[in-house]
Amino acid sequence: MAEKNRYRDMTIGQVGEEHTGAYLRVAGWVENIRDHGGVSFIDLRDMYGVLQIVFRAPELLKGITKEACVSIEGIVEKRNEETYNPKIPSGTIELEAARVTVLGKVYGQLPFEVMTSRETREEVRLKYRYLDMRNRRVLDNILFRSEVIAFMRQKMTEMGFVEIQTPILCASSPEGARDYIVPSRKYKGKFYALPQAPQQYKQLLMVSGIDRYFQIAPCFRDEDARADRSPGEFYQLDFEMNFAGQEEVFRAGEEILSAVFEKFAPQGFAVTQAPYPVYSYRQAMLEFGTAKPDLRNPLRITDVTGFFQECSFRPFLGRTVRAIRVHSRMSKGFHEKLLQFACSLGMAGLGYLEVEEDLSYKGPIDKFIPEEQKTRLRELAGLKAGDTVFFIADKEERACYYAGKIRDELGAKLELTEKDAFRFCYVNDFPMYEPDPETKQPVFTHNPFSMPQGGLEALEKENPLDIIAYQYDIVCNGVELSSGAVRNHDMDIMVKAFALAGYDEETLKRKFGALYQAFRFGAPPHAGMAPGIDRILMLLRGEDNIREVIAFPMSGSAQDLMCGAPGDVTELQLREAHIRVRQ
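About the criteria used
- Residues numbered from 1 in each chain as written.
- Predicted model: local features only at pLDDT ≥ 70, side-chain atom pairs only at ≥ 80, totals over all residues.
- Heavy atoms only, no water.
- Helix = DSSP H or I, 4+ residues; strand = E, 2+ residues; numbered from the N terminus.
- Buried < 20%, exposed > 50% of the residue type's maximum accessible area, 1.4 Å probe, protein only.
- Polar contact = N/O pair within 3.5 Å; in protein donor to acceptor, adjacent residues only side chain to side chain.
- Contact = heavy atoms within 4.5 Å.
- Axes fitted to C-alpha atoms, helices over the stretch in contact; angles between N-to-C directions.
- Parallel < 35°, antiparallel > 145°, perpendicular 65-115°, else oblique.
- Left-handed = near helix turned anticlockwise from the far one by under 90°.
- Nonpolar A, V, L, I, M, F, W, Y, C, P; charged D, E, K, R; others polar.
- Salt bridge = Lys/Arg side-chain N within 4 Å of Asp/Glu carboxyl O.

## Describing the side chain of His526
Step number 1: With respect to the element layout, His526 can be found in strand β24 (residues 526–529).
Step number 2: We classify His526 as buried; its relative accessible area is 0%.
Step number 3: Within the structure, His526 has its side chain in polar contact with the backbone oxygen of Pro524 (distance 2.7 Å).
Step number 4: Discounting residues that sit within four places of it in the chain, His526 has contacts with Gln203, Met206, Glu240, Met241, Asn242, Phe243, Ala244, Val486, Arg487, His489 and Phe519.

Here it is in structure tokens:
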């Protein structure tokens with residue numbers, strides 16, 4: 001809290017009924033001005049609270065405007081009971097102004113009303129973000145962020161992790177996204193890069209013998225914005241563990257995330273208790289239609305492809321067919337709206353059956369199912385009287401995607417998705433490689449430094465597209481909070497893994513030279529993960545846009561509208577960096 005000085009005796013949040021009759025000086029910003037005919041009032045705001053100031057001498061208000069920064073002194077008085085304001089802690093008192101000093105004038109028209117700034121266009125809010133942050137809800141998000149990060153640091157230290165900062169200027173390396181590159185003035189034609197993550201450095205820390213490392217790590221990736229991804233930079237709780245595998249990382253991840261969510265979740269919210277459920281990538285894609293399952297939704301997807309290849313319904317023949325069972329009867333209007341939603345996704349249609357009380361079926365595709373097969377369908381899909389089952393058919397990848405979207409829509413429209421809960425799970429066993437869309441050659445699916453399951457033998461003998469990696473994600477309410485992996489610490493495995501992805505050993509030495517050398521000197525087995533702090537805060541605060549939990553975010557078009565970045569630089573600056581801009 002603030003010390004007494006020439007601007008204020010205490011913060012507004014410290015002023016209470018116990019100060020009634022005291023002569024105090026307070027400072028802050030003018031939130032409101034109300035003229036009640038001979039007597040005027042302002043609401044004075046600082047970071048800690050709001051206090052009503054009463055003006056019985058009109059001349060004291062001269063030159064005071066909304067959002068002016070002022071210091072006011074006077075006697076604290078008890079309000080009349082009928083004028084109490086229960087919405088603020090100081091609602092039973094007010095300060096009668098005896099002297100006013102304007103510390104910071106407002107020289108022009110405000111770009112928006114601070115109290116309703118969240119209703120303003122985002123571009124304007126970001127341009128005047130310092131004003132936007134005077135809004136209580138916006139400010140609370142930023143203060144909340146500080147509390148959560150401080151708690152994370154304390155908890156990780158208690159868990160035996162050592163906080164170490166890694167470099168911001170590093171070497172460019174192919175890690176999945178575009179690098180931000182920084183030209184070197186001293187070395188003509190050479191460039192640094194901003195780290196997409198501290199990936200190589202944290203692995204080098206493990207080789208150095210640091211047993212458990214963490215940091216609140218800034219990461220920089222030249223990616224397009226999404227509602228849950230800020231362009232340019234983001235922060236993650238990066239941690240790595242020596243002599244550890246997947247299970248040890250799972251337990252550490254559960255301990256820190258459970259502690260954070262149990263402490264900071266809104267009152268009344270349920271939080272998944274450890275150990276979190278674990279789904280393989282293939283299982284998640286089948287049961288939920290996504291590798292980011294929202295476990296608040298109780299609906300599951302079933303594969304009925306084999307069954308429908310034995311039926312005469314031509315639209316399902318030769319297709320992957322998925323079923324979603326719902327214990328509910330829907331109106332004709334509901335079915336029509338759901339069909340419209342399906343078509344908006346690109347689906348050709350949406351088949352369904354209703355299960356009658358006698359366990360017979362009713363619906364457009366009933367006649368295409370042989371009588372002797374109907375019991376088998378009931379067993380496959382777990383059908384009971386009163387159920388409705390929806391069918392999605394397409395090529396496997398699209399059927400999976402469509403089924404996931406229909407599951408989400410059913411959960412929302414039928415109000416099946418749990419409210420007031422944070423439901424966690426792990427998704428693991430991701431494919432090590434996937435085919436490049438253009439060349440069809442194997443490329444890394446996720447982190448190139450992951451250990452392949454089966455080690456060198458799998459790399460030498462199996463189809464690369466069949467190799468599974470020791471990779472895992474933490475997902476909460478359908479949002480990916482973290483990726484991680486058991487790291488590849490073996491030189492021979494590393495060389496072979498990169499070779500399958502098209503990198504020869506010379507390229508490996510050049511792009512990842514530090515790791516290549518370090519792994520020659522007794523590298524230990526190690527593993528880790530990096531929960532995204534911005535996404536954690538977004539969930540805990542119930543925000544739909546990740547920029548609401550960042551003090552100075554870039555816009556969706558990757559611009560700093562407040563400071564004008566990216567911007568032009570001088571010709572001298574370009575020359576010093578040995579850069580010529582092509583027109």
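## Remarks on the environment of Ser258
Step number 1: Locating Ser258 in the fold gives a position in helix α5 (residues 246–264).
Step number 2: The spatial distance from the C-alpha of Ser258 to the C-alpha of Phe422 is 9.9 Å, given a sequence separation of 164 residues.
Step number 3: When residues no more than four places from it in sequence are discounted, the contact partners of Ser258 are Thr272 and Tyr276.
Step number 4: A polar contact is formed between the side chain of Ser258 and the backbone oxygen of Glu254, at a distance of 2.8 Å.

## Some details on the packing of helix α3 (residues 136–158) against helix α15 (residues 533–540)
How two helices sit against one another is set out by the angle between their axes and by the gap between those axes.
Step number 1: Across the interface, α3 lies against α15 with an axial gap of 11 Å and an inter-helix angle of 120°. Overall, the two elements α3 and α15 adopt an arrangement that is oblique. Two packed elements cross with a definite hand, and for α3 against α15 that hand is right-handed. Residue-level inspection shows Phe144, Arg145, Val148, Ile149 and Met152 of α3 in contact with α15, the latter providing Ile533, Asp534, Ile536, Leu537 and Leu540.
Step number 2: Split into classes, the residues belonging to the contact of α3 with α15 amount to 8 nonpolar, no polar and 2 charged.

## Side note on the pattern of salt bridges
Side-chain pairing between opposite charges can occur once the charged atoms of the two side chains come close.
Step number 1: Tallied over the entire structure, the rule returns 42 salt bridges.
Step number 2: Close ionic contact of Glu371 with Lys374 constitutes a salt bridge, the shortest N to O distance being 2.9 Å. On the criterion of helical spacing, the pair formed by Glu371 and Lys374 is a turn pair, its members being 3 residues apart in helix α9 (residues 371–381).
Step number 3: On the basis of relative accessible area, Lys374 is assigned to the buried category, the value being 12%.
Step number 4: Overlapping salt bridges, with partners in common, bring together Arg118, Arg125, Arg129, Asp132, Arg137, Glu543 and Glu548 in one network.

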